[in-house]
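# An overview of the molecular structure
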Amino acid sequence: MAENMIECENLVKIYKTEDIEVLALQGLELTVEKGELMAIIGNSGSGKSTFLNMIGGLDRPSAGRLYVDGRDLFKMTEAELVLYKRDTVGFVWQNNARNMIPYLTAQENVQVPMLFTKTKDQKQRAAELLDMVGLADRKKSKLSELSGGEQQRVAIAIALANNPKLLLADEPTGSVDVKTSNYLLDIFRELNEQLGLTIVIVTHDRHLSKKVNRVVSIRDGKTSSEMIMRQSYRERMQHLEELGDAASWQEEAHEEFTVLDRAGRLQIPSQMLDEIGAKSHKVKLEVVDGRIVIEPEKQQEADEKKQPPQDTEKEE
């Protein structure tokens, strides 16, 4: 626990209305180490943003086990959650308006969260944070005078205002172009390396894996697979510069692992099932030379199962 920033086990979240229940998380299991820079990817409705709300203290889990920075979020009172969100977690949202005031300057916006703490030299601290995200010369500008990428950099500085241990970013590059997106992700990496900050980025953009050490894929409310970088980002960049070839990055930078839960269950990507021709909901498992081999149910076997048994007459 001491080495982990986030520990969740069999995490469940159920949203209830008068007519229906929606199971957003279905036994998700995930561990994030302190000082790690990682991304969570998944399609819309997969549960990734729900998970971010859980660890951010914005919503309470329905069942399971969830620890952040050694603290049990299930046992926190409302007052403790307020302090947790103020002192432990920083948020960066896709929608800048969620945590920025349009009639204030960039520097004044960064100072706002400091009003709720005993931060000394707030003006100087805000200027330092803006310099950290490359906006030292724009601190007096109001939001209407900043581009979308600059506004998002101000949002990052705001999230750092109270020195959080954990930075959570929900689709932080969703409303900017590719060039700006790459620049923002470089900022996240620099913050991770310079401050030792634990950063979790939720996104639907699979190209994000170029910039982070680990990518966790969530499907149907469960952790389905992980991609782990083979080399450090800096080593990989040096290697690509020497070769003059960046085309193979996506294929070679990571190894992908399917997550096996505590009950021995796993989720096999649909494209892999398509490649082996698995058309039914059944597959055959066999251990061959120390490996588990998965084969599709043969069509002949499936047809035989569908046919009703034939009556046979007994001979006298």
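Everything in this summary refers to the structure shown in the same document. These numbers come from a predicted model, not from an experiment.

Taken in spatial order, the four strands line up as E2-E1-E4-E5 in an open sheet, and their pairing is antiparallel. A single partner strand is all that each edge strand has here, and the edge strands are strand E2 (21–33) and strand E5 (71–72). Relative to E2, strand E1 (residues 4–16) is paired through ten bridges, and the arrangement is antiparallel. Within E2, the position partnered with glutamate 7 by the bridge is threonine 31.

Counted as a void, the largest pocket has a volume near 510 Å³. Residue lining of the largest pocket: 21 residues in total, with Lys85, Phe91, Asn99, Pro113 and Ile158 positioned closest to the centre. Mapped by element, the contributors of at least two residues to the lining of the largest pocket are helix H2 (78–87), strand E6 (89–93) and helix H5 (148–159). Ranked by residue count, the leading element in the lining of the largest pocket is E6, at four residues. Its residues assigned to classes, the lining of the largest pocket comprises twelve nonpolar, five polar and four charged.

Take unusual backbone geometry next. The phi dihedral of aspartate 69 is positive, around 55 degrees, even though this residue is not glycine. Mapped onto the secondary structure, aspartate 69 falls in the loop between strand E4 (63–68) and E5. Look at asparagine 163: it is not a glycine, yet its phi comes out positive at around 50 degrees. Mapped onto the secondary structure, asparagine 163 falls in the loop between H5 and strand E7 (166–170).

A few words now on the packing of aromatic side chains. Applying the stated criterion across every chain, the model contains one aromatic pair. Ring geometry for phenylalanine 91 against tryptophan 93: centres 5.0 Å apart, planes inclined by 5 degrees, an arrangement best described as stacked. Since its relative accessible area comes to 14%, phenylalanine 91 is described here as buried. For tryptophan 93, a relative accessible area of 8% puts it in the buried group.

Quick look at a nonpolar patch on the surface now. A surface patch of nonpolar side chains, amounting to about 550 Å² of accessible area, comprises Ile276, Val283, Leu285, Val287, Ile292 and Ile294. Counting residues per element, the ones that place at least two in the nonpolar patch are strand E12 (283–288) and strand E13 (291–296). With three residues, E12 is the largest single contributor of residues to the nonpolar patch. Among the residues examined, valine 287 registers a relative accessible area of 64% and is labelled exposed.

Within E7, five of the five residues are buried, which leaves it mostly tucked inside the rest of the structure. Burial along E7 is two-sided: the face carrying Leu166, Leu168 and Asp170 and the face carrying Leu167 and Ala169 are both buried. Of the strand pairs in this sheet, E6 and E7 are connected by five bridges, and their pairing is parallel. Looking at E7, one finds that glycine 90 is bridged to leucine 167. Direction of pairing for E7 relative to strand E8 (residues 198–203): parallel, over a ladder of five bridges.

Scanning the entire structure with this criterion turns up eleven salt bridges. We note a salt bridge from arginine 214 to glutamate 36, for which the minimum N-O separation is 2.6 Å. Taken as a pair, arginine 214 in strand E9 (residues 214–219) and glutamate 36 in the loop between E2 and strand E3 (37–41) lie far apart in primary sequence, 178 residues in all. For the pair arginine 214 and glutamate 36, a shared accessibility class is recorded, and that class is buried. The partner of arginine 189 in a salt bridge is glutamate 193, with the nearest N and O atoms 3.7 Å apart. With arginine 189 and glutamate 193 both in helix H6 (residues 178–195), this residue pair falls four residues apart, about one helical turn. On the basis of relative accessibility, which here comes to 6%, the residue arginine 189 falls in the buried class. Using a relative accessible area of 37% as the deciding quantity, one classes glutamate 193 as partly exposed. Through salt bridges with shared partners, a single network forms among Glu7, Glu9 and Arg65.

One pass over the full model with this rule turns up one cavity of 30 Å³ or more. Taken as a whole, the largest cavity spans an internal volume of roughly 40 Å³. The wall of the largest cavity is formed by Met54, Gly57, Asp59, Arg60, Pro61, Leu73 and Leu81.

What follows deals with the nonpolar core. Counting 36 residues, the largest nonpolar core has Val110, Val154, Ile156, Leu167, Phe188 and Ile199 as the members making the most contacts within it. Where this core is concerned, the elements lending two or more residues are E3, helix H3 (106–111), helix H4 (122–132), H5, E7, H6 and E8. If near-sequence neighbours (up to four positions away) are discounted, valine 154 is found in contact with Met100, Ala106, Asn109, Val110, Leu130, Leu135 and Leu146. The next biggest cluster of nonpolar side chains, apart from the first, holds 29 residues, and it includes Met38, Phe51, Phe91 and Ile218.

What counts, and at which threshold
- Residues numbered from 1 in each chain as written.
- Predicted model: local features only at pLDDT ≥ 70, side-chain atom pairs only at ≥ 80, totals over all residues.
- Heavy atoms only, no water.
- Pairing = 2+ DSSP bridges.
- Helix = DSSP H or I, 4+ residues; strand = E, 2+ residues; numbered from the N terminus.
- 1 Å grid on protein atoms, 1.4 Å probe; cavity = no way out; pocket = protein on both sides within 12 Å on 5 of 7 lines; lining within 4 Å.
- Points joined across faces, edges and corners; volume = space filled by probe spheres on them.
- Nonpolar A, V, L, I, M, F, W, Y, C, P; charged D, E, K, R; others polar.
- Phe/Tyr/Trp six-rings, centres within 6.5 Å; stacked < 30°, edge-to-face > 60°.
- Buried < 20%, exposed > 50% of the residue type's maximum accessible area, 1.4 Å probe, protein only.
- Patch = residues over 30% accessible without salt bridge, like charges linked within 9 Å, V, L, I, M, F, W, Y side chains within 5 Å.
- Areas by Shrake-Rupley, 256 points an atom, 1.4 Å probe, with all protein chains shown as cover.
- Salt bridge = Lys/Arg side-chain N within 4 Å of Asp/Glu carboxyl O.
- Core = buried A, V, L, I, M, F, W, Y, C linked by side-chain atoms within 4.5 Å.
- Contact = heavy atoms within 4.5 Å.

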